[in-house]
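# Fold and geometry: a report
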Amino acid sequence: MAPSTGSVHPVRYLTVFAVLVAVLYALVFFTGDKSATPKLGIDLQGGTRVTLTARTPDGSKPTPDSLRQAQEIIETRVNGLGVSGSEVVIDGDNLVITVPGDDSAQARSLGQTARLYVRPVQTSQAAAAPGAQAPAGETPAEPTGTLDPGPAPAPQNRPFPAQDPSAPAEPTPSDEAAPADGSGSETAEAADEIAAARASRQSTDPAVQQAAMATLDCSVPDPLRGNDDPALPLVACSTDGQAVYLLAPSIIDGQEIADATSGYNSQQSRHEVSLTFKTEGSNTWAAFTSQNIGKQAAFTLDSKVVSAPVVQGATPAGSSTSITGSFTAASAKELANTLKYGSLPLSFAASEAETVSATLGLASLEAGLIAGLVGLILVLLYCLLYYRMLGVLTALSLVLSGVMVYAIMVLLGRYINFTLDLAGIAGLIIGIGMTADSFVVFFERIKDEMREGRSFRSAVPRGWARARRTILSGNAVSFIAAAVLYVLAVGQVRGFAFTLGLTTILDVVVVFLVTWPLVHLASKSPFWSRPGVNGLGAVQQIAKERKAAAASAKESRV
């Protein structure tokens, strides 16, 4: 027999739930874009498709392993949580990226190789006007920032793909080359362009270097795009196209990055990317900064100078280093995310964006919602017929659960790019059924207590003490199943597992903060205690019959 739960304060539980809902909707309407509409997936609203064609320096065909590795890294970049609804598929020698919505820049930026090198700056000058010959004198460009040592966060163990100097990429949409169709002539032409660029911009001859600086046009797509040899000098443009740099061979490459984060430096009033190097890279960087105070060090990303800060002081080994530049919050976060997850083993030329129509469309969304509504109505009718007015409490709990779920869907779409597709809707509908199961467990436990002869008022707290263990155990099993499915699955199945796990957690929240307090309040009400209202008259009759039978048996023994 379960003991009584003691002192209960149902109003406090209901107040906590009301505060949670108020906070969620305050975040919905007063933060971000303030839109109260959840993001929809490709199957419901359509999206944008960009085809990335692999480019190799020697014109050879990319290996299947390199394509699969590039696919995995791009999926990690765009879909780290597996809930953004994006698709990355291999099509021959191409990767086809489809993202929800009409923002083609997002899909294009995913093809960025993200090959980072740290190179000492030998000289710099203002970029020549398009098509013009600029003097090769040493007219220093404006430094893009200063090098600020920061706190040393704990390194993270992450695998990086092998970096070799033969993998280019698309740093920004403006740097993209014309689409390639994979033909032999275009492949050979791309290889010739890379070879010619290396010959002029990575020469060790000072005269050739000065000529390259004078003639380099920063307004046209860069044929190197990450194909530069880190062991040779490099003539490179800044990402804004305003400066040309002559850089020494690389001293650190991206494989030495242990972690990358973005943030806002309130003291300098700028956004920046903070890097933490692994042991070898950290030691190299500490030695370089101590010996080159007052000189510039360039961070190059895919053969372009992202930042060329002046070394203001020695950076101790193990400390973080900031990449500064003309970053916005979004661009700093994108760069940090790209560096964090590793560089691609191949470079790609991006095609023009294509609009993809919804594979299922709003009609399917409406059909799914109607199916969920019909299921919900059937559950409520069953509860009303079987539990009478207690079914009203079930309906109220389900409605409040739906209110909370909707706000969470909106916020997840805003902050982690969660997109709601048909698989996710299925997870939500199943979650509603699981919530109804919890109500049934609770009500049946109340009946068990009343069959033992207790009143409705005394049966509720005792029934809850027994039911909550069952509810927690059942939800724990469901959550573990959803978590395992989320880890092992890919694509839309991960979205289904995500929403299923989310609604499992919300089931516990609603049952503990709404259903149990409401039923406890109802048990103290004379109106709700009436058998004709709560539907427990038959159970009370069984209890009376058992009591009478027990008394009769006792008398017969006497």
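Small disclaimer: the values here were computed from a predicted structure and weren't measured. (Residues numbered from 1 in each chain as written. Predicted model: local features only at pLDDT ≥ 70, side-chain atom pairs only at ≥ 80, totals over all residues. Heavy atoms only, no water.)

### Points about the overall build of the chain
The line we're drawing: For helices the rule is a DSSP run of H or I covering at least 4 residues; for strands it is a run of E covering at least 2, with both sets numbered from the N terminus onward. For the exposure calls, accessible area comes from a 1.4 Å probe over protein chains only, and a residue counts as buried if that area is under 20% of its type's maximum, exposed if over 50%, partly exposed in between. Note on contacts: a residue pair is in contact if any heavy atoms of the two residues lie within 4.5 Å. Areas reported as accessible are Shrake-Rupley estimates using a 1.4 Å probe. Residue values count occlusion only from the protein chains shown.
Scanning the chain from N- to C-terminus turns up 15 helices and 17 strands. Among the 558 residues that make up the chain, the fraction classed as buried is 48%. Taking as baseline every contact in the chain between residues at least 6 positions apart, the subset at least 24 positions apart corresponds to 78%. Accessible surface, the chain as shown: approximately 25200 Å² in total, 60% of it carbon and sulfur.

### With respect to the confidence of the model for the chain
Note the following rule: pLDDT measures how confident the predictor is about each residue, on a scale from 0 to 100.
Averaged over every residue, the pLDDT of the chain is 79; the share at 70 or more is 81%. Below a pLDDT of 50 lies the segment residues 133–146, which in the model reaches 39 contacts outside its immediate sequence neighbourhood of four places, other chains included. In this model residues 148–183 is a low-confidence stretch, pLDDT under 50, and it forms 124 contacts with partners more than four residues away in sequence or in other chains.

### Here's the deal with the environment of Lys524
One can find Lys524 in the loop between helix H13 (492–523) and helix H14 (531–534). Classification of Lys524 as partly exposed rests on a relative accessible area of 43%. Separated by 64 residues in sequence, Lys524 and Val460 have C-alpha atoms that sit 9.7 Å apart.

### Some words on the environment of Glu256
Counting through the fold element by element, Glu256 comes out in the loop between strand E9 (252–253) and strand E10 (257–265). Between the C-alpha atom of Glu256 and that of Gly281, which follows or precedes it by 25 residues, the distance is 5.3 Å. When residues no more than four places from it in sequence are discounted, the contact partners of Glu256 are Thr276, Phe277, Lys278, Glu280 and Gly281.

### What to know about the layout of surface pockets
Selection rule: Note on definitions: the grid is 1 Å and covers protein atoms alone; a cavity is a set of points where a 1.4 Å probe fits but cannot get out; a pocket is an open set with protein on both sides within 12 Å along at least five of seven lines; lining residues have an atom within 4 Å of a point. Grid points are joined across faces, edges and corners, and a volume is the space filled by probe spheres set on the points. Under the scheme applied, nonpolar residues are Ala, Val, Leu, Ile, Met, Phe, Trp, Tyr, Cys and Pro; charged residues are Asp, Glu, Lys and Arg; polar residues are all the others, including Gly.
The volume enclosed by the second largest pocket comes to roughly 620 Å³. In terms of lining residues, the second largest pocket is bounded by 25 residues, among which Leu369, Gly402, Val405, Leu428 and Ile432 are the most central. The set of elements that each furnish at least two residues to the lining of the second largest pocket consists of helix H9 (361–387), helix H10 (390–415), helix H11 (422–451) and H13. With 8 residues, the single largest contributor to the lining of the second largest pocket is H10. Its residues assigned to classes, the lining of the second largest pocket shows 18 nonpolar, 7 polar and no charged.

### Details of a nonpolar patch on the surface
Worth spelling out the cut-off: In this analysis, a patch consists of residues with relative accessible area above 30% that form no salt bridge, clustered at 9 Å for like charges and at 5 Å for the nonpolar side chains Val, Leu, Ile, Met, Phe, Trp and Tyr. Each reported salt bridge corresponds to a side-chain nitrogen of Lys or Arg within 4 Å of a carboxyl oxygen of Asp or Glu.
There is a patch of nonpolar side chains on the surface, built from Ile370, Leu373, Val374, Ile377, Leu378, Leu381, Leu384, Met389, Val392 and Phe527 and spanning about 850 Å² of accessible area. The greatest single-element share of the nonpolar patch, amounting to 7 residues, is contributed by H9. Following the sequence through the fold, Val392 ends up in helix H10. Using a relative accessible area of 35% as the deciding quantity, one classes Val392 as partly exposed.

### Some details on the pairing of strand E1 (residues 47–55)
Applicable threshold: When DSSP finds two or more bridges between two strands, those strands count as paired.
Of all 9 residues in E1, 8 are buried, a share of seventy percent or more. Pairing between E1 and strand E3 (residues 94–100): 7 bridges, direction antiparallel. The residue of E3 that forms the bridge with Thr51 is Val96.

### Comments concerning the environment of Val306
Tracing the backbone shows Val306 in strand E13 (residues 304–307). Excluding residues within four positions of it along the chain, Val306 makes contact with Thr239, Phe299, Thr300, Leu301, Ile323, Thr324, Phe327 and Leu335.

### Concerning the state of the cysteines
Operational definition: The term disulfide is used for any two cysteine sulfur atoms that are within 2.5 Å.
Scanning all chains against the criterion turns up 1 disulfide. The disulfide partner of Cys218 is Cys237, and the gap between their sulfur atoms is 2.0 Å. An S-S torsion of about -90 degrees defines the bridge between Cys218 and Cys237 as left-handed. You can see Cys218 sitting in the loop between helix H6 (206–215) and strand E7 (234–237) and its partner Cys237 sitting in strand E7, a full 19 residues away along the chain. Both residues of the pair, Cys218 and Cys237, belong to the buried class.

### Quick notes on the pairing of strand E2 (residues 87–91)
Pairing analysis gives 5 bridges linking E2 to E3, with the strands arranged antiparallel. Counted as the bridge partner of Val89 is Val96 from E3.

### Some remarks on the pattern of salt bridges
Throughout the structure, instances matching the rule amount to 10 salt bridges. The shortest N-O distance in the salt bridge between Lys447 and Glu444 comes to 3.8 Å. Of the two residues, Lys447 and Glu444 both sit in helix H11, 3 residues apart, roughly one turn of that helix. What makes Lys447 buried here is its relative accessible area of 5%.

### Some remarks on the nonpolar core
Stated precisely, the cut-off is as follows: Buried residues of nine kinds, namely Ala, Val, Leu, Ile, Met, Phe, Trp, Tyr and Cys, make up a nonpolar core once their side-chain atoms join them within 4.5 Å.
If you look at the biggest cluster of nonpolar residues, it comprises 53 residues, and the most contacted ones within it are Ile408, Met409, Phe442, Phe443 and Ile446. When residues of this core are traced back to their parent elements, those giving at least two are helix H1 (10–30), H9, H10, H11, helix H12 (456–488) and H13. Considering every element that reaches this core, the biggest residue donor is H13, with 12 residues. Phe443 has contacts with Tyr387, Leu390, Thr394 and Val519, leaving out every residue within four places of it along the chain. One finds Ile257, Leu275, Val311 and Ala332 within the second-largest nonpolar core, a separate group that totals 21 residues.

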